[in-house]
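# Structural features, examined
One letter stands for each residue in the lines below.
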Amino acid sequence: MVAVIGDIHGCYYTLAELYSSIVNQYPSAEIFAVGDLVDRGNFSYEVIEFLRGNNIRFTPGNHDYMFSYFFRHPQSLFARSWNLNGNEATLFSYQGKEDKIQEHIEVILNAPLFYNLDDCFISHAGISSYYKSKSVSSYLNDQYELQKLVDEDYLLDRGVLWTRDVLLDIGKLQVVGHTKHDSVTYEKNSKTCYVDTGACIGNKLSSVIIDNNKIIDTISEPTHLNDIV
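Everything quoted here is computed from the prediction, not taken from an experiment.

### Some details on the pattern of salt bridges
Scanning the model with the defined rule gives 7 salt bridges in all. The partner of Arg158 in a salt bridge is Asp153, and the shortest N-O contact between them spans 2.9 Å.

### Focus on unusual backbone geometry
Negative phi is the rule for most residues except glycine; trans is the rule for most peptide bonds. Phi is positive for His9, which is not a glycine, with a value near 50°. Topologically, His9 is positioned in the loop between strand E1 (2-5) and helix H1 (12-25). Positive phi, close to 55°, is recorded for Asp36, a residue that is not glycine. Judged by relative accessible area, which is 2%, Asp36 ranks as buried.

### Thoughts on the sheet that holds strand E3 (residues 57-58)
An order of E3-E2-E1-E9-E10 is seen for the 5 strands of this open sheet, with the pairing classed as mixed. Two strands in the sheet have a free side with no partner beyond their single neighbour: E3 and strand E10 (214-222). Pairing analysis gives 2 bridges linking strand E2 (residues 30-33) to E3, with the strands arranged parallel. Looking across to E3, one finds that Phe32 is bridged to Arg57.

### Points about the pairing of E1
Burial of E1 is two-sided: the residues Val2 and Val4 facing one way and the residues Ala3 and Ile5 facing the other way are all buried. Traced from E1 through H1 to E2, the parallel crossover comes out right-handed. Inspection of the sheet shows E1 paired to strand E9 (residues 204-211) by 4 bridges, in the antiparallel sense. Residue Ala3 lies in a different strand from E9, and its bridge partner there is Ile209.

### Looking at the pairing of E2
Bridging between E1 and E2 involves 4 bridges; their strand directions are parallel. Bridge pairing links Val2 to Glu30 in E2. Taken together, E2, helix H2 (residues 44-53) and E3 form a β-α-β motif whose crossover is right-handed.

### Brief notes about the packing of aromatic side chains
All told, the structure shown has 20 aromatic pairs when counted by the stated rule. Both rings, one in Tyr65 and one in Phe78, keep their centres 6.3 Å apart while their planes meet at 75°; by these two values the pair is edge-to-face. Placement of the pair is Tyr65 in helix H3 (residues 62-72) and Phe78 in helix H4 (residues 77-82), with a sequence separation of 13 residues. For Tyr65, a relative accessible area of 5% corresponds to the buried category. Seen from their ring centres, Phe114 and Phe121 are 5.4 Å apart, and the 15° between their planes marks the pair as stacked. In this structure, Phe114 and Phe121 share a single accessibility class: buried. Members of the aromatic cluster, joined through ring pairs, are Tyr45, Phe67, Phe70, Phe71, Trp82 and Tyr94.

Thresholds, definitions, all that
- Residues numbered from 1 in each chain as written.
- Predicted model: local features only at pLDDT ≥ 70, side-chain atom pairs only at ≥ 80, totals over all residues.
- Heavy atoms only, no water.
- Salt bridge = Lys/Arg side-chain N within 4 Å of Asp/Glu carboxyl O.
- Helix = DSSP H or I, 4+ residues; strand = E, 2+ residues; numbered from the N terminus.
- Buried < 20%, exposed > 50% of the residue type's maximum accessible area, 1.4 Å probe, protein only.
- Pairing = 2+ DSSP bridges.
- Right-handed = clockwise from strand over helix to strand, strands pointing away.
- Phe/Tyr/Trp six-rings, centres within 6.5 Å; stacked < 30°, edge-to-face > 60°.

See below:
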């Protein structure tokens, strides 16, 4: 059994409350997050520290990579894009803690782009239907080939950090963020569960509880105003 949390975007206080609810209701569940830990909300630094302190595993999102590339590869498109995607709040959250930036970037860049679990497949944006001809489902039992496929395109619009495409039915439940919905949404045709419910725009932070590719519960926490005001 796993719990998967949607895009957090610096909403630390909302995350802490949601985490508490998950642990209280499903103490045996392993907890994951789909990335976009930083930007827009007020507490990006605190969010990453919270995930580290509570052993919450995550797949990085495009915002996490833009943050990382801004400091590691400042001339890259990723770095330049960050200036247009809510970086002010992230930079403010690291004021006085600048020595932690490189440490947190290492945490982000060392995190896997996907988790292919028995219970589900987790990534930030998902496996695009662009890969239909690639027989992705046959890769699920071949970690090397699956990793190669993801690594080749992760910086592109169709990759697991960025895609807005209709997602591919890979033969098991995909759990993704990136594309906002008002509530947790299940797309039957692609067997995809979308868990980004707009915490950073004042809606809520959501999680799903999954057991053997079945959604058994959803838990949400309304956005705490101090995270975004």
